[in-house]
Amino acid sequence: MKGIKKILSVLMVIVLLFVMSACSGSASDRYGGIFTESMAPGEASPDDSTDENAPTEEQVTLPSGMITAGAWNDNDNYTMWQNLFYQAPGETEPAKFQQYTEAANSWGFNSLTRVKVTVTKEGQPIAGAKVEAFDRSNNAIFCAVSDAKGNAYLFTTEDAGSIRVTSGSASAQTAFTAEEKELTVALDSAIEKRNVIEIMFVVDVTGSMGDELRFLKAELADVISKIARNDSETAIKLALLFYRDTDDKVPFAYYDFEDVTTQSGMQKQQAALDSQQPDGGGDYPEAVDAALELAVHKQWSTGATTKLIFHVLDAPAHGETKHQEKFHNAVLSAAEKGIRISPIICSGAAELTEYTMRQAAIYTGGTFIFVTDDSGIGGEHHDPGLPNATVELLNTMLVRLVKGYHTGDFDAPIYWQDDPALNIG
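Presented here is an overview of the structure given in this document.

### A short note on empty space enclosed by the protein
1) Next: Scanning the entire structure with this criterion turns up two cavities of 30 Å³ or more.
2) Next: When its volume is computed, the largest cavity comes out at roughly 40 Å³.
3) Next: Contributing to the lining of the largest cavity are Ala-144, Val-145, Ala-152, Tyr-153, Ala-335, Arg-340, Tyr-363, Thr-364 and Gly-365.
4) Next: For the lining of the largest cavity, the secondary-structure elements that each account for two or more residues are β5 (140–145), β6 (151–155) and α8 (351–364).

What follows is the structure in structure tokens.
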């Protein structure tokens, strides 16, 4: 895949800058960590207060490779995930997510019983296969799509039923029971995976996220100069969905998929980014459910491609039943289409945001990402209590994840202070 890592690196810079937008506080408040030995970008020293030639905030180019984050795949750590909902014997405190086991508080999710299906052909993993679970009466209960490792995750409270796997004209069936919920299904033939990566950034652009949006715009010229214009092997298609809250004057702005390995495609998305202005919001919850519903029903391809949503946010959806149902149904639709949701939660996020977004990730085979305090950028970040997660540079992490989802080969994470891409100003 010639040039793919270079292209992905540039795309991840865009995500990095979106996350900067999601951190609360002023720009000068954010650079207390890796900028401790130099002035924060755009920050004037006392001696510069009368210097007419001093650079303004808009003139400063924001370096990439600064934000730190952790990544966690709950499907890869499924027993640990289940333990978050059950109080351990001898413990006096309830489990972290125990309150969400109540039906009225669960947002419709029940990810505590899972059927894992690995689809193969001649011993090799098959991506893009449709995998459906049925109950004893042959009613469909969950639908997913196998990833580059051939894995599909189906969540059902049924203790027994059947699994049907299809890829093109090939199909196969097997049964699952309470004792056998990790299955391998072999196909005689399968459709070929296309060398296409579809990425959508779903980003909250309410008023509280406005400070760093200036930095994003300043970075665009540098992003475009670094991106590979033409890659003969891999098409990378980028879509953008910005959202506020449903009562705002312009709650959503969507820009459809463009092949950003071409100059014209990248220029269109640059113009879309330039047009965004932070505004709206006003209360803590935002239109997360409506935004995700819009995102999963856009023009994703129907073939076997890599489909990813990176959802940058710092607040949950509104908690009324209609919003919970819309969010839950959007996640189910993403799973059915093979769209992997990887949320990126930023400063301001709390436990409910973590719970709902980890459910979105586990249901769709995505990765839960959380920005950390290690770099000193942004306000205080929510700690999900995942000490086994390696703290990485966010842009390096996202390159690693995109490559992994496309190829099935996930590189090991690099601790942020050991990353040669670390930018210390």
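### Section: the pairing of strand β8 (residues 170–176)
1) Next: Here strand β7 (residues 161–167) pairs with β8 via seven bridges, running antiparallel. Counterpart to Val-165 in the pairing with β8 is Ala-172.
2) Next: Taking the residues that link successive antiparallel strands as the turn, the β7-β8 hairpin has two residues, and the phi of Gly-168 there is positive, at about 65°.

### Digging into helix α7 (residues 321–337)
1) Next: Helix length check: α7, at 17 residues, gives a terminal C-alpha distance of 24 Å against a target of 24 Å (1.5 Å per residue), a fit within 8%.
2) Next: Taken together, the buried positions of α7 are occupied by His-323, Gln-324, Phe-327, His-328, Ala-330, Val-331, Ser-333, Ala-334 and Ala-335.
3) Next: Against the buried residues of α7 lie β5, α6 (288–296), β14 (339–345) and α8.
4) Next: Where α7 ends, the next residue or the one after it, Gly-338, has phi of about 75°, a positive value.

### Describing the pairing of strand β15 (residues 368–371)
1) Next: Along β15, one buried face is formed by Phe-368 and Phe-370 and the opposite face, lined by Ile-369 and Val-371, is buried too.
2) Next: Here strand β1 (residues 68–72) pairs with β15 via four bridges, running antiparallel. Bridged to Ala-71 within β15 is Ile-369.
3) Next: Taken together, the two bridges between β14 and β15 define a ladder with parallel strand orientation.

### Description of unusual backbone geometry
Most peptide bonds take the trans form, and the phi angle of most residues other than glycine is negative.
1) Next: Phi is positive for Glu-122, close to 55°, though the residue is something other than glycine.
2) Next: For Glu-122, the position within the fold is in the loop between β2 (114–121) and β3 (124–125).
3) Next: The phi dihedral of Asn-138 falls on the positive side, at around 70°, and the residue is not glycine.
4) Next: The exposure class of Asn-138 is exposed, given its relative accessible area of 54%.

Scoring rules and cut-offs
- Residues numbered from 1 in each chain as written.
- Predicted model: local features only at pLDDT ≥ 70, side-chain atom pairs only at ≥ 80, totals over all residues.
- Heavy atoms only, no water.
- 1 Å grid on protein atoms, 1.4 Å probe; cavity = no way out; pocket = protein on both sides within 12 Å on 5 of 7 lines; lining within 4 Å.
- Points joined across faces, edges and corners; volume = space filled by probe spheres on them.
- Helix = DSSP H or I, 4+ residues; strand = E, 2+ residues; numbered from the N terminus.
- Pairing = 2+ DSSP bridges.
- Expected span 1.5 Å × (residues − 1).
- Buried < 20%, exposed > 50% of the residue type's maximum accessible area, 1.4 Å probe, protein only.
- Contact = heavy atoms within 4.5 Å.

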